[in-house]
Amino acid sequence: MKKDIILSGVGGQGILSIATVIGKAALKEGLYMKQAEVHGMSQRGGDVQSNLRISDQPIASDLIPSGKCDLIISLEPMEGLRYLPYLSSDGWLVTNETPFINIPNYPESDKVMAEINKLPHKIVLNVDKVAKEVGSARVANIVLLGATIPFLGINYEKVQDSIREIFLRKGEAIVEMNLKALAAGKEIAEKLMQ
Amino acid sequence: MSKQLLLGDEAIAQAALDAGLSGVYAYPGTPSTEITEYIQMAPITTEQNIHNRWCANEKTAMEAALGMSFVGKRALVCMKHVGMNVAADCFVNSAITGVKGGLIVIAADDPSMHSSQNEQDSRFYGDFSLIPMYEPSNQQEAYDMIYNGFEFSEKLGEPILMRMVTRLAHSRSGVERKEQKPQNGISFSEDPRQFILLPGNARKRYKVLLARQDEFIKASEESPYNTYTDGPNKKLGIVACGIGYNYLMENYPEGCEYPVLKIGQYPLPQKQLYQLIESCDEILVLEDGQPFVEKQLKGYLGIGVKVKGRLDGTLSQDGELNPDSVARAVGKENKAEFCIPSIVEMRPPALCEGCGHRDMYITLTEVLKEEYPSHKVFSDIGCYTLGANAPFNAINSCVDMGASITMAKGAADGGLYPAVAVIGDSTFTHSGMTGLLDCVNENANVTIIISDNETTAMTGGQDSAGTGRIEAICAGLGVDPTHIRIVVPLKKNYEEMKQIIREEIEYRGVSVIIPRRECIQTLARKKRSK
Ligand SMILES: Cc1ncc(C[n+]2csc(CCOP(=O)(O)OP(=O)(O)O)c2C)c(N)n1
Ligand code: SF4
């Protein structure tokens, strides 16, 4: 088992919380992992990414080689496209569809979608909308994570356990809401794949 | 013990705590900041009263750590690579005094300049200071090096430099801890003159340091961090330093066909290098940062065995290594299947909406552009450096911490008017104060804006050394109190702010304007943690 994942988004969107959940779940599975994060200027709306590598064998590099990434998880559609040179030919892009526009020259959304649609394997969903339906805009990350379940290579129950552990100190209601968000994302991805 | 998921930085911190650390001394700087932050948050730090407060700058940090070592205790100093330039005076001399308690200096390099002004390679500092160095390739190795490094430092009686790079500092992986050691008690050097670097004594100690180089090389030859792995194909021998080794092995999951010498400890291990050079036709050096090892192997004349690396174009001379560049260096290719669509635009960081620096720049540029077209603005390092970008396009320089005030002074000395400096509060106490004293002593015609957000925002909101005392410091240094002006940078105050800026530019002498409002990110974090 080996999964190379790139998480992308805009500083402040919270891609690292997705990485935390996956990382904990991977450890539960007894897997090796390396996760290279971007720190520093992230709070000011620049692009951010994280390389997350999981394997049942020891991992050499902290960075994913070009053309070897199995999964790009993006909280923002244009940001997902930025890492396409890393995506393998049968890799998946799972992305939020809502653009985060904080630059004057942001491309037209249609053009962004057209590029995404050129890819052979992608899941596009409106995580913010789904998150609100589930209960709070704050669980948008977890909805997106849910949509990666079919490709993650990690047991769904382990991901659920990981969420339980991480959100435990915030109370049962928060745990439940996050689990619901996870399930909602998973369901959408499964439907889109049919 | 089970494995813990730790950043490279956190592995260093945990190892230092486990090894009986008595104090960490540091000034924030990416990618080193998380080391000190981890120590600050660890319960044992409070329980055992381990020193952990941020220092005013890297020099004060290095000196205080040497003082901790003087009394026989273990100290850690952490900084980003450019911090080494600030700490260098004490650092280089500490190699000559030597240490009593174990002393490890962490220099976190930033090849590719993810968040820095340059990509200087700290190994050169260790080299000309003539002390041993570590360069870990992974989180566990970073842990082990620090855990055992204090003892090594005490055994040698020398400080140890550990060179980190961004990718390892900010990458997380499983780390196994070792058992907790107690702190050292107080003890002093047997030689009462060890730390007195009068020329007569310094010359003696320097000779001793020189004489010990063979011992350091021997330690490297016996080090578990330098390993030689034979390979069947002797056309090439590879020297892989630090994380360069990981990128190499990424391209050889079944093991490398060439002999590989992995380097984790310096000075270079002579024995293993000879072995590699004798058995292989050519040498390839993989090292993150500058061609430090490559230059040593190649020599000035480049005579002898062929050495490939960054100098001959096998690898780029700038930028960090990655699995793809290393693949190309060994004749492989990681092919991209897709390319970045041309519609994808850069998304540079910008000042947060609602940030006080914005209000400062809006008013400053309005006054300067309309009323003083001959102006120049010398800025400094911090969030406010983003004033270089649209819509502000407000600054003309950003060089090193503190350089705003002194460059403005030099420009004013040369006849520029108005010469304006923009500096943050943390940068001011780091190394702006001495420059201000120069200005006061000559009554230089400069207008200095200390944009005070009461924190060190750029690196994540650490405490700032002079919070609450900035105007007192300025007055203490001799700035005329009537020309120390404090304003709250908010839209409703724009007219007042502009008027103050005008008045102080008109004043022919040193004036300091302090727009003060807390960073909204730091404020939000404080609220969340309440
Ligand atoms: C010698 C050196 N040490 C540390 C750093 C990292 N660094 C860059 S800006 C900064 C602090 C900025 O704080 P402040 O001046 O208060 O400005 P703010 O970011 O809060 O606006 C630090 C620590 C550096 N660039 N150079
Ligand atoms: S982090 Fe603070 S100081 Fe930096 S841009 Fe944001 S609000 Fe301004």
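What you see is a predicted model, and the numbers here were worked out from it, not measured in a lab. (Residues numbered from 1 in each chain as written. Chains lettered and ligands numbered in written order. Predicted model: local features only at pLDDT ≥ 70, side-chain atom pairs only at ≥ 80, totals over all residues. Heavy atoms only, no water.)

Visitor: What exactly am I supposed to notice about the overall build of chain B here?
Guide: Each helix and strand counted, chain B has 21 helices and 18 strands in total. For chain B, the C-alpha radius of gyration of 25 Å lies close to 24 Å, the compact-globule estimate for 530 residues. Seen through its C-alpha atoms, chain B measures out along the principal axes to roughly 75 × 65 × 50 Å. Burial statistics for chain B: of 530 residues in total, 58% are counted as buried. Here the analysis covers contacts within chain B between residues at least 6 apart in sequence; of these, 78% occur between residues at least 24 apart. Accessible surface, chain B: about 21300 Å² in total, of which carbon and sulfur atoms supply 53%. A distance of 2 Å separates the average location of the 53 positive side-chain charges in chain B from that of its 67 negative side-chain charges. (Helix = DSSP H or I, 4+ residues; strand = E, 2+ residues; numbered from the N terminus. Rg over C-alpha atoms; globule rule 2.2 N^0.38 Å. Buried < 20%, exposed > 50% of the residue type's maximum accessible area, 1.4 Å probe, protein only. Contact = heavy atoms within 4.5 Å. Areas by Shrake-Rupley, 256 points an atom, 1.4 Å probe, with all protein chains shown as cover. Lys, Arg positive; Asp, Glu negative; His and termini not counted. Charge placed at Lys NZ, Arg CZ, Asp CG, Glu CD.)

Visitor: Got a minute to help me understand the pattern of salt bridges in this structure?
Guide: Side chains bearing opposite charge may pair, as long as their charged atoms lie close to each other. Residues and elements named next belong to chain B. A complete count under the given rule lists 48 salt bridges over all chains for this structure. A salt bridge links Arg 74 to Glu 154; the shortest N-O distance between them is 2.7 Å. On the criterion of sequence distance, the pair formed by Arg 74 in the loop between helix H4 (58-70) and strand E3 (75-80) and Glu 154 in helix H7 (residues 139-156) is long-range, its members being 80 residues apart. Its relative accessible area of 6% is what places Arg 74 among the buried residues. With its nearest N and O atoms 2.8 Å apart, the salt bridge here joins Asp 452 to Arg 516. In this pair, Asp 452 is assigned in the loop between strand E16 (446-451) and helix H19 (470-477) and Arg 516 in the loop between strand E18 (511-515) and helix H21 (520-529), connecting sequence segments 64 residues apart. An identical accessibility class is assigned to Asp 452 and Arg 516; each is buried. Several salt bridges converge on common partners, so that one network encompasses Asp 109, Asp 121, Arg 123, Glu 135, Arg 163 and Glu 287. (Salt bridge = Lys/Arg side-chain N within 4 Å of Asp/Glu carboxyl O.)

Visitor: Is there a simple way to think about the nonpolar core in this case?
Guide: Among soluble globular proteins, nonpolar side chains are generally buried collectively. Residues and elements named next belong to chain B. In this structure, Leu 76, Ile 106, Ile 238, Val 239 and Leu 248 are the most contacted members of the largest nonpolar core, which totals 104 residues. Viewed by domain, this core spans two of them, domain 1 (3-211) and domain 2 (227-329), each represented by three or more residues. Residue contacts for Leu 76: discarding those within four places in its chain leaves Ile 12, Ala 16, Leu 21, Gly 23, Val 24, Tyr 25, Ile 35, Ile 39, Ile 104, Ile 106 and Phe 150. (Core = buried A, V, L, I, M, F, W, Y, C linked by side-chain atoms within 4.5 Å. Domains from an automatic or database assignment.)

Visitor: Help me out: how do you make sense of helix H18 (residues 433-442) of chain B in this one?
Guide: Within an α-helix, residues lying three or four positions from one another point in the same direction, as the helix has 3.6 residues per turn. Residues and elements named next belong to chain B. Buried residues of H18: Gly 435, Leu 436 and Cys 439, and no others. For H18, the arc enclosing every buried residue in end-on projection is 100 degrees, short of the 170-degree limit, so these residues lie on one face. When the buried face of H18 is taken as reference, the exposed residues oriented beyond 90 degrees from it are Thr 434 and Asn 441. (Arc of directions from axis to C-beta.)

Visitor: When you look at the interface of chain B and chain A in this model, what are you seeing that I'm missing?
Guide: By a frequent convention, interface size equals the accessible area lost on bringing the separate parts together. Taken residue by residue, the interface counts 45 residues in chain B and 49 residues in chain A. Together, the buried faces of chain B and chain A total about 3900 Å²; carbon and sulfur atoms form 58% of this surface. When the buried surface of chain B facing chain A is broken down by residue, Phe 338, Ile 343 and Arg 347 of chain B rank first, second and third, together holding 23% of it. Across the chain B-chain A interface, the total number found is four salt bridges. With its nearest N and O atoms 3.2 Å apart, the salt bridge here joins Glu 76 of chain A to Arg 347 of chain B. At the junction of chain B and chain A, the tally comes to 17 residue pairs in polar contact (both at pLDDT 80 or more). With three bridges joining them, strand E2 (residues 32-36) of chain A and strand E7 (residues 171-175) of chain B adopt antiparallel strand pairing. Bridged to Gln 35 of chain A within E7 of chain B is Arg 172 of chain B. (Buried area = accessible area lost by both parts, 1.4 Å probe. Polar contact = N/O pair within 3.5 Å; in protein donor to acceptor, adjacent residues only side chain to side chain. Pairing = 2+ DSSP bridges.)

Visitor: What is the right way to read the sheet that holds E2 of chain A from this model?
Guide: Sheet strands associate in pairs through backbone hydrogen bonding, adopting either a parallel or an antiparallel arrangement. One open sheet accounts for eight strands, arranged E6(A)-E5(A)-E4(A)-E1(A)-E3(A)-E2(A)-E7(B)-E1(B); its pairing is mixed. Both edges of this open sheet fall to strand E6 (122-125) of chain A together with strand E1 (4-7) of chain B, since each of them pairs with a single strand only. Going across the sheet, the axis of each strand differs from the next one's by a mean of 20 degrees, ignoring polarity. Where E1 of chain B meets E7 of chain B, four bridges bridge the pair, whose relative direction is antiparallel. Looking at the pairing, Gln 4 of chain B lines up with Val 175 of chain B of E7 of chain B. (Axes fitted to C-alpha atoms, helices over the stretch in contact; angles between N-to-C directions.)

Visitor: Explain the pairing of E3 of chain B here, please?
Guide: Moving residue by residue along a regular strand, the side chains alternate between the two faces of the sheet. Residue and element names in this part refer to chain B. The buried fraction of E3 is high, at six of six residues. Side chains Ala 75, Val 77 and Met 79 project from E3 onto one buried face, and the interleaved Leu 76, Cys 78 and Lys 80 project onto a second face that is buried too. Two strands pair when backbone bridges link them, and strand E2 (residues 23-26) and E3 are joined in this way by four bridges, in the parallel orientation. Bridging from a neighbouring strand, Ala 26 pairs with Cys 78 of E3. Both E3 and strand E4 (residues 103-109) contribute to a ladder of six bridges, which runs parallel. Across the sheet, Ala 75 pairs through a bridge with Leu 103, a residue of E4. Remark: the E3/helix H5 (residues 83-97)/E4 crossover connection has right-handed handedness. (Right-handed = clockwise from strand over helix to strand, strands pointing away.)

Visitor: It is not clear to me how helix H20 (residues 494-506) of chain B should be interpreted in this structure. Could you clarify?
Guide: Residue and element names in this part refer to chain B. Spanning 13 residues, H20 covers 18 Å between terminal C-alpha atoms, matching the ideal 18 Å at 1.5 Å per step. Residues of H20 that are buried: Tyr 494, Met 497, Lys 498, Ile 500, Ile 501, Glu 504 and Ile 505. Along the axis of H20, the buried positions cluster into a sector of 160 degrees, meaning they face one direction only. Each element contacted by the buried residues of H20 is listed here: helix H15 (356-371), E16, strand E17 (484-487) and E18. (Expected span 1.5 Å × (residues − 1).)

Visitor: Honestly, the site of ligand 2 in this entry has me stumped. Any pointers?
Guide: Neighbouring residues of ligand 2: 12 residues in total, closest Cys 352, Cys 355, Cys 383, Asn 453 and Cys 519 of chain B. Each of chains A and B places residues near ligand 2. For ligand 2, the cavity whose grid points lie within 2 Å of the majority of its atoms is the largest cavity. Among the residues making up the shell around ligand 2, the classes are represented as seven nonpolar, four polar and one charged. (Near = heavy atom within 4 Å. 1 Å grid on protein atoms, 1.4 Å probe; cavity = no way out; pocket = protein on both sides within 12 Å on 5 of 7 lines; lining within 4 Å. Sits in = over half its atoms within 2 Å of the grid points. Nonpolar A, V, L, I, M, F, W, Y, C, P; charged D, E, K, R; others polar.)

Visitor: What is the right way to read the sheet that holds strand E11 (residues 265-266) of chain B from this model?
Guide: All names here are of chain B. The strand order across the open sheet built from six strands is E2-E3-E4-E6-E5-E11, with neighbouring strands paired in mixed fashion. The two strands at the open ends of the sheet, each matched to only one other strand, are E2 and E11. By the bridge criterion, two bridges tie strand E5 (residues 133-134) to E11 in an arrangement that is antiparallel. Each bridged residue has a counterpart across the sheet, and for Tyr 134 the counterpart in E11 is Gln 265. Those strands touched by H7 are E3, E4, E5, strand E6 (160-165) and E11, and its axis lies near 160 degrees from that of E6.

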